[in-house]
Amino acid sequence: MKKTAVFILISFFALKSYSQDIDLFQKKQNDNFKFEKINPQMSIDEYRILSRNLRMKEMLYAMIVPGYVHFYAKDNLSGYSLLAIRSAAFGTIAYLAYKGELTFGKDKLWKLNLKNEDISNTDKYLAYTSLAAIFGTYFYDWIHGNYMLKKKQENIRYKYNMKLNLGMINSPTGNSIPSLNFQIKF
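As the structure is a computational prediction, the values presented were derived from the model and not from experiment.

Draft legend 1. Representation of the overall build of the protein. For the protein, the helix and strand inventory stands at six helices and four strands. Overall, the protein shows an N-to-C arrangement of helices and strands of α-α-α-α-α-β-β-α-β-β. The buried share of the protein, reckoned over its 186 residues, is 23%. For the protein, long-range pairs separated by at least 24 residues make up 53% of all intrachain contacts whose partners lie at least 6 apart in sequence. Put simply, the protein shows about 14,700 Å² of open surface, and 62% of that area lies on carbon and sulfur atoms.

Draft legend 2. Structural context of the pattern of salt bridges. Counted under the stated rule, the structure contains two salt bridges. With a shortest N-O distance of 4.0 Å, aspartate 45 and arginine 48 are connected by a salt bridge. Of the two residues, aspartate 45 and arginine 48 are both situated in helix H2 (residues 44–51); the distance of three residues between them amounts to about one turn of the helix. By relative accessible area, which is 41% here, arginine 48 ends up partly exposed. Note that lysine 159 is salt-bridged to glutamate 46, the shortest N-O span being 3.0 Å. Taken as a pair, lysine 159 in helix H6 (residues 121–167) and glutamate 46 in helix H2 lie far apart in primary sequence, 113 residues in all. We classify lysine 159 as partly exposed; its relative accessible area is 35%.

Draft legend 3. Broad picture of the confidence of the model for the protein. Averaged over all residues, the pLDDT of the protein equals 76, while 62% of them reach at least 70. Mean pLDDT across the elements of the protein bottoms out in strand S3 (residues 168–170) (52) and peaks in helix H4 (residues 68–72) (93).

Draft legend 4. Representation of a nonpolar patch on the surface within the structure. Together, Met56, Leu60, Met63, Ile64 and Val65 give the surface a local cluster of nonpolar side chains, amounting to about 450 Å² of exposed area. With respect to the element layout, isoleucine 64 can be found in helix H3 (residues 56–64).

Draft legend 5. Expanded view of helix H5 (residues 76–99). If you check H5, its first and last C-alpha atoms are 34 Å apart, about what 24 residues at 1.5 Å a residue would give, namely 34 Å. Those residues of H5 that sit buried are Ser78, Gly79, Leu82, Arg86, Ala89, Ile93 and Leu96. Just downstream of H5, glycine 100 is the residue with a positive phi angle, here 95°.

Draft legend 6. Representation of the environment of histidine 70. Position of histidine 70 among the secondary structure elements: in helix H4. Along the chain, histidine 70 and isoleucine 143 lie 73 residues apart, while their C-alpha atoms are 9.8 Å from each other.

Draft legend 7. Representation of the side chain of glutamate 46 in the model. Judged by its relative accessible area of 16%, glutamate 46 falls in the buried class. Polar contacts involving the side chain of glutamate 46 include one to the main-chain amide nitrogen of serine 43, which spans 3.2 Å.

Reading the values: the criteria
Residues numbered from 1 in each chain as written. Predicted model: local features only at pLDDT ≥ 70, side-chain atom pairs only at ≥ 80, totals over all residues. Heavy atoms only, no water. Helix = DSSP H or I, 4+ residues; strand = E, 2+ residues; numbered from the N terminus. Buried < 20%, exposed > 50% of the residue type's maximum accessible area, 1.4 Å probe, protein only. Contact = heavy atoms within 4.5 Å. Areas by Shrake-Rupley, 256 points an atom, 1.4 Å probe, with all protein chains shown as cover. Salt bridge = Lys/Arg side-chain N within 4 Å of Asp/Glu carboxyl O. pLDDT = per-residue confidence, 0-100. Patch = residues over 30% accessible without salt bridge, like charges linked within 9 Å, V, L, I, M, F, W, Y side chains within 5 Å. Expected span 1.5 Å × (residues − 1). Polar contact = N/O pair within 3.5 Å; in protein donor to acceptor, adjacent residues only side chain to side chain.

Structure, rendered in structure tokens:
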């Protein structure tokens, strides 16, 4: 009975959802047919950064690919740094598993062989530090990468809004016309 209820619930959500990726909201418009007015001075990279939004899908990708959110935000230096740190942490865990001091079981994901008298405090420290580095780089990638993407988007909007405001003035009829304006105040 439980399996049937779960199947019906999943089927209901699958039929009612409109999005193909993992989103927590419904899309009511098709972004592929919506054309915006773009400043001719804007580069394609700036346009791509403005078009990016972080969703649940990127969070899942960041679990698998270290530094994914920073790469997505075009912050490659931070992305490669996170990739190196998390790869080193995975390498350390693989090394400890190869030595036999780290075992993987059914009841726990992994455990140190604390009964083994040959295990050193250094190996314990390496195991816990590696685990902390894996989770720490993931959370840093998600939180700081989101901050960097929003900051870049704000800087691009500010840059082109300032250019737009400097070249436009309101006419008495209410329409904006290109003009050059000087003011002297005493």
